[in-house]
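Single-letter residue listing:
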Amino acid sequence: MNDSLKFPQKLSPRKYALLTGTLLLTSAGLITRLLGFFYRIFLSRTIGAEGLGIFNLIHPVFGVCFALCAGSIQTAISQSVAANVRKGRSIFRTGLIISVAISMILAYAIIRFKDFLAVNILMEPRCAPLLLFIAVSVPCAAIHACINGYYYGMQRPHVPASAQVIEQFIRIGAVFLIADILIESGIKITVQLAAMGHLIGEIVSSLYTITAYRFFSPKMPEGVTAVASSFHETAPGLMHLAMPLMGNRLVLNILASAEAILIPSRLQMSGLTDSGAFSVYGVLTGMALPFILFPSTIFNSLAVLLLPTVAEAQSEGNNRRIGDAISMSLRYCLYVGILCIGIFTLFGNDLGVSVFKDKTAGTYMTILAWLCPFLYLVTTMGSILNGLGKTSVTFVQNAIALLIRLGFVLFGIPKYGILAYLVGMLASELLLAMMHVLTLRKKVGFVWNAWDMILKPAALMVLAIGIYFAVFSVADPFQSMPLFIKTAFHITILSIFYLVLLLGAHIMKGDKSRDL
């Protein structure tokens, strides 16, 4: 890694707080994603593919509500508190009042019009009772989002980080317990179990953050005295920050929601039954995609680290440091993305059968494997653009990508089935990654070497696969093990072959450079 990207040995208290906070949130994110991944496996085996499809169909309603009442206000609270710590508590209370008021209106609307939403918007009547759980969860989400925003603004991320982990642990434990009781009682487990788990998680998170704020409220920095400010004084500035964010997130959420809602109905137009359409949708969104997205946890963490680094480098006018960050991100996104292509194309079917007991999930994984490099590029390049202050650019480019996917859903699925959506995902992510990279290229100069970043790791991946087949054609010591354990060992060995070859290529390149 270039020296310009290394952290200084002696950090200022502010930088130390930023670094430790980022690492804390990253660790919490990794833990919750890992727990969530196994939770998905449990749900797939208890409520089935069709149940997963119906459960995933109600998420757009929650996403739109969260964009309206919580997400943007959380960010506005965080920014406002960080800029004016003295009025932090007044800002937080103002944001909380606005957020909870909006959330209560939204919750009432969902309860009042649940049948209309289920039949006419989600186009699935079975979603109506599930929307009650979503309605109650919206105010809870608003409360803990605002409290988290206050803690972020005060540079005290320990409560938001621990809330993530506790929420996931309690949700999973409660769902396991309820499922066990239902099985013991001979009661059939339905998709309501998953919706109940969602609500339990939101309630626990809100109660935990309320308790933390009540008894362990962040202390004011030394020498700073809190200043009270009225609602009427604080609200205009806070909403001035929140409204543009709210508009952007709402548009993106509506586009993503339209895509999710339309897929099952378009699958029915392709010739599938109602049950078959939701089963296909559930396999894709509840089984295949979580596997494909799981490695992106690494790059979500990298994105969190990159955003403040790039913003700081821009404020210092250090374009070289930004260019090095972009080059490093490109290189490692492509290295890991190419490795994931190899893993999912070779072992996707075995993973689908061993984990989800579903061959179709494995088929989707092998197709979606080609998404990996572009997904990782979009995550990191988008974070760098945001760090450079290009939030409007990332919004427009993400909207274009979503519109392309929506086009494949509307016009491709009725004719070609789910394959059209998979192709649409590949096309939209490829275009989005290219738009992000080209935008950065115009903004900042960075090193781009197609041989080093694409062709060489691809050739080494092919060579690693060849070595893998040569080794296991002689003998397979894992043959008698359960399929999942056997597959895990095979994936690990293939990864080692690839990484050793990659390291060897770097060492050889370094030796040649020194010779020259």
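Right above here is the structure, for reference.
Now for a look at the structure at hand. (Residues numbered from 1 in each chain as written. Predicted model: local features only at pLDDT ≥ 70, side-chain atom pairs only at ≥ 80, totals over all residues. Heavy atoms only, no water.)

### Remarks on the overall build of the chain
In terms of helices and strands, the chain carries 17 helices and zero strands. Looking at the chain residue by residue over its 516 residues, the buried ones come to 50%. If you take every contact in the chain between residues at least 6 apart in sequence, the share linking residues at least 24 apart comes to 82%. Element-wise, carbon and sulfur atoms account for 68% of the exposed surface of the chain, whose accessible area totals about 24000 Å². (Helix = DSSP H or I, 4+ residues; strand = E, 2+ residues; numbered from the N terminus. Buried < 20%, exposed > 50% of the residue type's maximum accessible area, 1.4 Å probe, protein only. Contact = heavy atoms within 4.5 Å. Areas by Shrake-Rupley, 256 points an atom, 1.4 Å probe, with all protein chains shown as cover.)

### As for the pattern of salt bridges
According to the stated counting rule, one finds six salt bridges in the structure shown. As a salt-bridge pair, Glu 259 and Arg 405 come within 2.9 Å of each other at their nearest N and O atoms. You can see Glu 259 sitting in helix α8 (residues 231–269) and its partner Arg 405 sitting in helix α14 (residues 391–416), a full 146 residues away along the chain. In this pair, the class of Glu 259 matches that of Arg 405, namely buried. For Glu 429, the salt bridge identified is with Arg 405, shortest N-O distance 3.4 Å. Here Arg 405 lies in helix α14 and Glu 429 lies in helix α15 (residues 418–443), a separation of 24 residues in the sequence. Of the residues examined, Glu 429 reaches a relative accessible area of 9% and is grouped as buried. (Salt bridge = Lys/Arg side-chain N within 4 Å of Asp/Glu carboxyl O.)

### Considerations on the packing of helix α3 (residues 88–112) against α8
At their nearest, the axes of α3 and α8 sit 9 Å apart, and the two run at 75 degrees to each other. In terms of orientation, α3 lies roughly perpendicular with respect to α8. Contacts between α3 and α8 involve Ser 90, Ile 91, Thr 94, Gly 95, Ile 97 and Ile 98 on the former and, on the latter, Phe 231, Thr 234, Ala 235, Leu 238 and Met 239. Tallied by class, residues from the contact of α3 with α8 come to seven nonpolar, four polar and no charged. (Axes fitted to C-alpha atoms, helices over the stretch in contact; angles between N-to-C directions. Parallel < 35°, antiparallel > 145°, perpendicular 65-115°, else oblique. Nonpolar A, V, L, I, M, F, W, Y, C, P; charged D, E, K, R; others polar.)

### Some remarks on the environment of Phe 37
The topology assignment puts Phe 37 in helix α1 (residues 13–46). Not counting chain neighbours up to four residues away, the residues in contact with Phe 37 comprise Pro 290, Phe 291 and Phe 294.

### Regarding the side chain of Glu 259
Residue classification places Glu 259 among the buried residues on the basis of a relative accessible area of 5%. Reaching out from Glu 259, the side chain makes a polar contact with the side chain of Tyr 421 at a distance of 2.4 Å. Those residues in contact with Glu 259, other than ones at most four positions away along the chain, are Leu 402, Arg 405, Leu 406, Val 409 and Tyr 421. (Polar contact = N/O pair within 3.5 Å; in protein donor to acceptor, adjacent residues only side chain to side chain.)

### Focus: a nonpolar patch on the surface
Side chains of Trp 448, Trp 451, Ile 454 and Leu 455 sit close together on the surface and give an oily, nonpolar patch of about 420 Å² of accessible area. With respect to the element layout, Trp 451 can be found in helix α16 (residues 450–474). (Patch = residues over 30% accessible without salt bridge, like charges linked within 9 Å, V, L, I, M, F, W, Y side chains within 5 Å.)

### Observations concerning unusual backbone geometry
Not every positive phi belongs to a glycine, and Met 123 is a case in point at roughly 60 degrees. Mapped onto the elements, Met 123 comes out in the loop between α4 (114–121) and α5 (128–153). What makes Met 123 partly exposed here is its relative accessible area of 35%. In the Ramachandran plot, Lys 357 falls in the positive-phi region, its phi being about 60 degrees despite a non-glycine side chain. With respect to the helices and strands, Lys 357 occurs in the loop between α11 (319–356) and α12 (359–368).

### A closer look at the environment of Phe 497
Within the secondary structure, Phe 497 sits in helix α17 (residues 483–515). Look at Phe 497 and you get partly exposed, because its relative accessible area is 22%. Each C-alpha atom, one on Phe 497 and one on Ile 467, is 7.7 Å from the other, the two residues being 30 residues apart in sequence. Sequence-distant contacts of Phe 497, defined by excluding residues within four places in its chain, comprise Ala 464, Ile 467, Tyr 468 and Val 471.

### A closer look at α5
An ideal rise of 1.5 Å per residue puts 38 Å on 26 residues; α5 measures up with 38 Å between its terminal C-alpha atoms. By the criterion of burial, α5 is predominantly enclosed, with 21 of the 26 residues buried. (Expected span 1.5 Å × (residues − 1).)

### Let's talk about the nonpolar core
Among the nonpolar cores identified, the biggest contains 122 residues, and Ile 58, Ile 110, Ile 326, Phe 344 and Leu 368 are the most heavily contacted of them. With residues near it in sequence (within four places) discarded, Phe 344 still touches Phe 291, Ile 292, Pro 295, Leu 351, Met 365, Thr 366, Ala 369 and Cys 372. Of all hydrophobic cores here, the second largest spans 21 residues; its members include Val 81, Ile 91, Ile 98 and Ala 212. (Core = buried A, V, L, I, M, F, W, Y, C linked by side-chain atoms within 4.5 Å.)

### So, α3
Every α-helix carries 3.6 residues per turn, so stepping three or four residues along brings you back to the same face. With 25 residues, α3 extends 36 Å from end C-alpha to end C-alpha; this agrees with the ideal 36 Å at 1.5 Å per step. Residues of α3 that are buried include every one of Gly 88, Ser 90, Ile 91, Phe 92, Thr 94, Gly 95, Ile 98, Ser 99, Ser 103, Leu 106, Ala 107 and Ile 110, and no others. Next to the buried residues of α3 lie α2 (48–83), α4, α5, α7 (192–215) and α8.

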